[in-house]
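What follows is the residue order along each chain.
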Amino acid sequence: MKIPLSWIREFVEVPTDISLEVLENAFVNVGFEVEEIVVTGVDLTGPLVVAKVDSIEELTGNKKPIRYVGLDCGGGKIRFVICGATNFSVGDLVVAALPGAVLPGDFAISARETYGKTSNGMICSSRELGLSDEHAGIIVLPADCAKPGIDAISLLEINDVVIDAAVNPDRGYALSIRGLARELAASLGLKYKDPVKSVDCAKFKINNNGIQLTIEDGSAVSVAYIRTISGFDAKAVTPIWLSRRIEKCGMRSISLAVDITNYVMLELGQPLHAFDATKISGSLVMRRAGESSKLKTLDGQDRKLDKEDLVVADKSNPLALAGVMGGASSEVTDLTTSIALEAARFDPITIAKSSRRHKLSSEASRRLERGVDPSLAEISSARAIDLMIELGGANYVGSSKAGEPRFAPIVSFDPNFVSKYLGTKVTLAEIEEKLVVVGCDVSKKSVSEWLIDPPSWRADLILAPDLVEEVARMIGYDRIPSTLPTGKAGAGLSAAQYRKRSVANYLASNGFAEVYNSPFVNPTFVADLGFTGDRAKSFKLANPMSEEFPELRTHLLPGLLLTAVRNQGRGASDIAIFEIGSVFRNTEKLSSPGSISVTQVPDNQSREAIYKSVPNQPLHLAAVVAGKLASDSWHTKGVNFTWVEAIGFAKSIVENTGNISSTVASDFAPWHPGRCAEIQVDGKPVGHAGELHPRVISLLGLPERSCAFVVVLSALPIVESKRSNALITMPPAIQDISLMVTENVSASSVESALREGAGELLESITLFDRYSKVGEGKISLAFTLVFRAADRTLTADEVSKYRESAMASAAKKCGAVLRS
């Protein structure tokens, strides 16, 4: 929300010598982040004057329109300048920069020869003066607003300070000069003058004249006003003071009627909408769209209405998408003389849903979906009608009201709770003072019970902790001591937390980078990767952040793969990334816990009901490697990561937790069916690893042979303690054995058979060769067997015996034959 300090000063006596640092801290101290403070006019020096166009000579023979313009800049002497704009005529008042002036961007003005003429100055546009981005033409001032030669810097109020404050969603009242001026006054301890106090609503009495109004759906609108005027001069020019104020707030001047509604919205925070009263058939009704099908809005778009959309309609058709944007059929134009002005307190959720359904966010919807002061519908509409009568020569016709404002309930509050809750001493007098500053009415029943009536603009103050937060905000968060909580004696990481941390450290030390992806996915992309069955059963979000990603993830790989593609597109040739996170699968029926009270800790039955309403969320680890794990350097050349290494990493992760793993061939998507392994613990699958399917690699444009592995960390049993093997000092006995088996026999099954037959003195077994060109459907597998005894050196006969036993076991279980 951009606010000019000059406007704030109407309601707060801000010191003239206040520094920008103090101004910024004043907003920050009460919870408003300041995005930017711009001192306007600091890079502009005169002479900059009002000039009257005396003559225009069109210079022909140029590629674009060029005019030689005579200007009366005061003093009775005509000054001539070259100008390329055509949006002005003889007699118009314009803004002229004379030689010696310096415009924003260090653009110095001087007399110069151009187009065969001497240009003795320049006629300025809004952008050239740094007033706005408008540059379609030069500034044309309202007739008779000033005499030629008057200082334009003062007339246009160029020298000002504009604060851009970030407003949180729960502080909709601060999207106004009224709201932010009150906060600034409270922060600096200055006197505040509420602008609504100067509005006289009584002179615009409710009657049966003009357009009448009814509310059909009271859940969507609490109170609404329609005020009707006639004899309005729609062609009347917006005065400079009004147009400049809305321009400083980031809006542009459009027409007098629209400018007044925008001005009052910026001043008080209540959106308004002006209808051409002659285009309304009968009375107005605020209702759901129902069977109404279409509405052409002011932006020229034909919008298909949802039956739940709230509309303002006459007896024939919808005229506006309530609280979001008006309709083109009842738009105020230059021919409009009668206006029906609408102001309403709409239900924030209803407006938010309509805005999101139509992907249409407006200044009005931004305020209404955050909640607007219910009393402002009456006040702001009266304020706008006052301005239309004053500036547009209108006559008041009548007003219609429907519904009643609904305010936040009175809160029973124990003030002693504040010091206890904040952890710092706050006196009762200070608590009362700060609540009054916020706008609350305080009634003291006893020392321990106060009745707090929240201000009309703070519908969010409904519980005692809300009031405590307001006190904390007003006394300053620096009053709250920064004290670290004392942990329980002997507390530490849980076994699952320790496992998660150790796995992350292991992968990071091996060249992987950890990433955090959004838990939302595109179901079409998930299907393209080949996920089916339970691995594709997801939860659809009721209110997704993006329609492109409407579901919760059932696997980590979709997000990781998109991250890999994004990094590759930004120049990364070798990618090794991993993520540890929860996945969500819709594989079991969930039951609603019903309404759970938030005023006390849930009992065991309620806790159980809450947990049953939440899906199981297993913890997964996934990694993707595209290219090389280690990049080339001057002393060594990196090698491409292969599916065998992917399986090795997955097995290492499982075995580092103290579990014993085994591998079997698998054809799980999105892996290559011939280069994928399933990692098992106690016969149950806990992960998959291998090379990605060529179709997936082609779809994403990843390097060939890209690999991935996944381990379900929460499926791995927690091993309470791990005992290290004793360090044996005796020399090992090493034996190599080469076996021939049929090609459908896995190396892991042969390894298991050898291990079983080799006996207890087998220390390790390693596959070091696989030869597939034997022929006749056979392959050759070569293993290294290491034997070692703790108390002696093994003899050749002993080792030979163990080797033959291992060979016999492999022959029996796998049909293995010793390769000669």
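Visitor: So what exactly am I meant to see when it comes to the overall build of the protein chain here?
Guide: Per the secondary structure count, the protein chain includes 20 helices and 40 strands. For the protein chain, buried positions account for 46% of its 820 residues. Taking the contacts inside the protein chain whose residues are at least 6 apart along the sequence as the reference set, 70% of them involve residues at least 24 apart. Counting only carbon and sulfur atoms, one obtains 50% of the accessible surface of the protein chain, whose full area is about 41200 Å². In the protein chain, 88 side chains carry a positive charge and 97 a negative one; their mean positions are 3 Å apart.

Visitor: Help me understand the pattern of salt bridges, please; the structure alone is not making it clear to me.
Guide: Two side chains of opposite charge can pair, provided their charged atoms sit close to one another. All chains considered together, the criterion is met by 40 salt bridges. One salt-bridge network, held together by shared partners, links Arg171, Glu183, Arg458, Asp460, Glu469, Glu470 and Arg473.

Visitor: Whenever I open this one, the sheet that holds strand β22 (residues 325-326) confuses me. Can you help?
Guide: Strand pairing within a sheet occurs via backbone hydrogen bonds; the two strands may be parallel or antiparallel. A sheet is described by the order of its strands in space; here five strands give the open sequence β14-β17-β20-β21-β22, paired in mixed fashion. Of all strands in the sheet, those with a lone pairing partner are β14 (213-215) and β22, marking the two edges. Where strand β20 (residues 310-313) meets strand β21 (residues 318-321), three bridges bridge the pair, whose relative direction is antiparallel. The residue bridging valine 312 from the neighbouring strand is alanine 320, located in β21.

Visitor: Sorry if this is basic, but what is going on with a nonpolar patch on the surface here?
Guide: Together, Leu20, Val39 and Val42 line one region of the surface with nonpolar side chains, adding up to about 240 Å² of accessible area. Residue placement: valine 39 occurs in strand β2 (residues 34-40).

Visitor: It is not clear to me how the pairing of strand β4 (residues 66-72) should be interpreted in this structure. Could you clarify?
Guide: Residues in a regular strand point their side chains to alternate faces of the sheet. Counted residue by residue, β4 has six buried out of seven residues, so it is predominantly covered. As paired strands, strand β3 (residues 48-59) and β4 are joined by seven bridges and run antiparallel to one another. In the sheet register, leucine 59 faces β4, and the bridge partner there is isoleucine 66. In this structure, the hairpin formed by β3 and β4 is closed by a connection of six residues, where glycine 61 is found at a positive phi of approximately 85 degrees. Pairing analysis gives six bridges linking β4 to strand β5 (residues 78-83), with the strands arranged antiparallel. Across the sheet, the residue bridging to tyrosine 68 is isoleucine 82, located in β5.

Visitor: Help me out: how do you make sense of the nonpolar core in this one?
Guide: Grouped burial of nonpolar side chains is what soluble globular proteins tend to show. Of all hydrophobic cores here, the largest spans 118 residues; its most connected members are Phe232, Leu284, Phe346 and Phe413. Look past the residues within four positions of phenylalanine 413 in its chain and what remains in contact with it is Val418, Ile431, Leu435, Ser448, Glu449, Trp450, Ile452, Ala464, Leu467 and Val468. In this structure, Phe512, Ala650, Ile679 and Val711 belong to the second largest nonpolar core, which totals 27 residues.

Visitor: Help me understand helix α17 (residues 643-656) in this model?
Guide: One full turn of an α-helix is made of 3.6 residues, so residues set three or four places apart face in the same direction. An ideal rise of 1.5 Å per residue puts 20 Å on 14 residues; α17 measures up with 20 Å between its terminal C-alpha atoms. Of all the residues in α17, the buried ones are Ala646, Ile647, Phe649, Ala650, Ile653 and Val654. With its buried residues spanning 160 degrees around the axis, α17 presents them on a single face. Of the surrounding elements, those touching the buried residues of α17 are α13 (495-509), β32 (619-626), β33 (662-665), β34 (671-681), β35 (684-692) and β36 (707-712). Once α17 finishes, glycine 658 follows within two positions and takes phi at roughly 95 degrees, a positive value.

Visitor: Explain the packing of helix α11 (residues 428-438) against helix α12 (residues 464-475) to me, please; I cannot follow it from the model alone.
Guide: Two packed helices can be described by the angle between their axes and the distance between those axes. Interhelical geometry of α11 versus α12 gives an angle of 95 degrees and a closest axis separation of 9 Å. With respect to α12, the element α11 is oriented roughly perpendicular. When α11 is examined against α12, the residues Glu430, Ile431, Lys434, Leu435, Val437 and Val438 are found in contact with a partner set consisting of Leu467, Glu470, Val471, Met474 and Ile475.

Visitor: Got a minute to help me understand the packing of aromatic side chains in this structure?
Guide: The description of two aromatic rings rests on the distance between their centres and on the angle between their planes. In total, this model carries 11 aromatic pairs according to the counting rule given. The interplanar angle of 15 degrees and the centroid separation of 4.8 Å between the aromatic rings of tryptophan 7 and tyrosine 263 together place this pair among those described as stacked. On the criterion of sequence distance, the pair formed by tryptophan 7 in helix α1 (residues 5-8) and tyrosine 263 in helix α6 (residues 256-268) is long-range, its members being 256 residues apart. An identical accessibility class is assigned to tryptophan 7 and tyrosine 263; each is buried.

Visitor: What am I meant to see in the environment of cysteine 440 here?
Guide: With respect to the helices, strands and loops of the structure, cysteine 440 is situated in the loop between α11 and β26 (441-446). A sequence separation of 13 residues divides cysteine 440 from aspartate 453, and the C-alpha atoms of the two residues are 5.5 Å apart.

Visitor: In this structure, what is going on with the packing of helix α19 (residues 747-758) against helix α20 (residues 796-814)? I would like to understand it.
Guide: At their nearest, the axes of α19 and α20 sit 7 Å apart, and the two run at 135 degrees to each other. Between α19 and α20, the interaxial angle falls into the category oblique. Once α19 is placed against α20, the crossing between them reads as right-handed. Residues Ser749, Val750, Ala753, Leu754, Glu756, Gly757 and Ala758 of α19 lie in contact with α20, whose contacting residues are Tyr802, Ser805, Ala806, Met807, Ser809, Ala810, Lys813 and Cys814. Taken together, the residues of the contact of α19 with α20 sort by class into nine nonpolar, four polar and two charged.

Visitor: Even after reading the chapter, I still don't get α12, so can you show me in this structure?
Guide: Spanning 12 residues, α12 covers 17 Å between terminal C-alpha atoms, matching the ideal 16 Å at 1.5 Å per step. If you check which residues of α12 are buried, you get Ala464, Asp466, Leu467, Val468, Glu470, Val471, Ala472, Arg473, Met474 and Ile475. At its buried positions, α12 is contacted by α2 (20-29), α4 (177-188), β25 (411-413), α10 (416-422), α11 and β27 (449-453). Note on α12: the residue one or two positions beyond its end, glycine 476, has a positive phi of about 100 degrees.

Visitor: Sorry, what's going on with the pairing of strand β15 (residues 221-230) here?
Guide: Along β15, nine of the 10 residues are buried, which leaves the element largely enclosed by surrounding structure. Relative to strand β23 (residues 339-346), β15 runs antiparallel, the two sharing eight bridges. Directly across from arginine 227, in β23, lies its bridge partner leucine 341.

Visitor: Where do I start with unusual backbone geometry in this structure?
Guide: For residues that are not glycine, phi is negative in most cases, and the peptide bond is trans in most cases. The omega torsion across glycine 46 and proline 47 is 10 degrees, close enough to zero to call that bond cis. Following the sequence through the fold, proline 47 ends up in the loop between β2 and β3. Not every positive phi belongs to a glycine, and arginine 705 is a case in point at roughly 65 degrees. Tracing the chain through its elements places arginine 705 in the loop between α18 (694-700) and β36. Among the residues examined, arginine 705 registers a relative accessible area of 46% and is labelled partly exposed.

Visitor: Looking at this structure, how should I read the sheet that holds strand β24 (residues 395-403)?
Guide: Sheet architecture is open: four strands sit in the order β16-β23-β15-β24, paired in antiparallel fashion. A strand with exactly one partner marks an edge of an open sheet, and here the two such strands are β16 (273-276) and β24. Each adjacent strand pair in this sheet contributes to an overall mean axis angle of 20 degrees, direction not counted. Its contacts with the sheet put helix α9 (residues 376-392) on β15, β23 and β24, and the angle it makes with β15 is roughly 15 degrees.

Conventions and cut-offs
- Residues numbered from 1 in each chain as written.
- Predicted model: local features only at pLDDT ≥ 70, side-chain atom pairs only at ≥ 80, totals over all residues.
- Heavy atoms only, no water.
- Helix = DSSP H or I, 4+ residues; strand = E, 2+ residues; numbered from the N terminus.
- Buried < 20%, exposed > 50% of the residue type's maximum accessible area, 1.4 Å probe, protein only.
- Contact = heavy atoms within 4.5 Å.
- Areas by Shrake-Rupley, 256 points an atom, 1.4 Å probe, with all protein chains shown as cover.
- Lys, Arg positive; Asp, Glu negative; His and termini not counted.
- Charge placed at Lys NZ, Arg CZ, Asp CG, Glu CD.
- Salt bridge = Lys/Arg side-chain N within 4 Å of Asp/Glu carboxyl O.
- Pairing = 2+ DSSP bridges.
- Patch = residues over 30% accessible without salt bridge, like charges linked within 9 Å, V, L, I, M, F, W, Y side chains within 5 Å.
- Core = buried A, V, L, I, M, F, W, Y, C linked by side-chain atoms within 4.5 Å.
- Expected span 1.5 Å × (residues − 1).
- Arc of directions from axis to C-beta.
- Axes fitted to C-alpha atoms, helices over the stretch in contact; angles between N-to-C directions.
- Parallel < 35°, antiparallel > 145°, perpendicular 65-115°, else oblique.
- Phe/Tyr/Trp six-rings, centres within 6.5 Å; stacked < 30°, edge-to-face > 60°.
- Left-handed = near helix turned anticlockwise from the far one by under 90°.
- Nonpolar A, V, L, I, M, F, W, Y, C, P; charged D, E, K, R; others polar.

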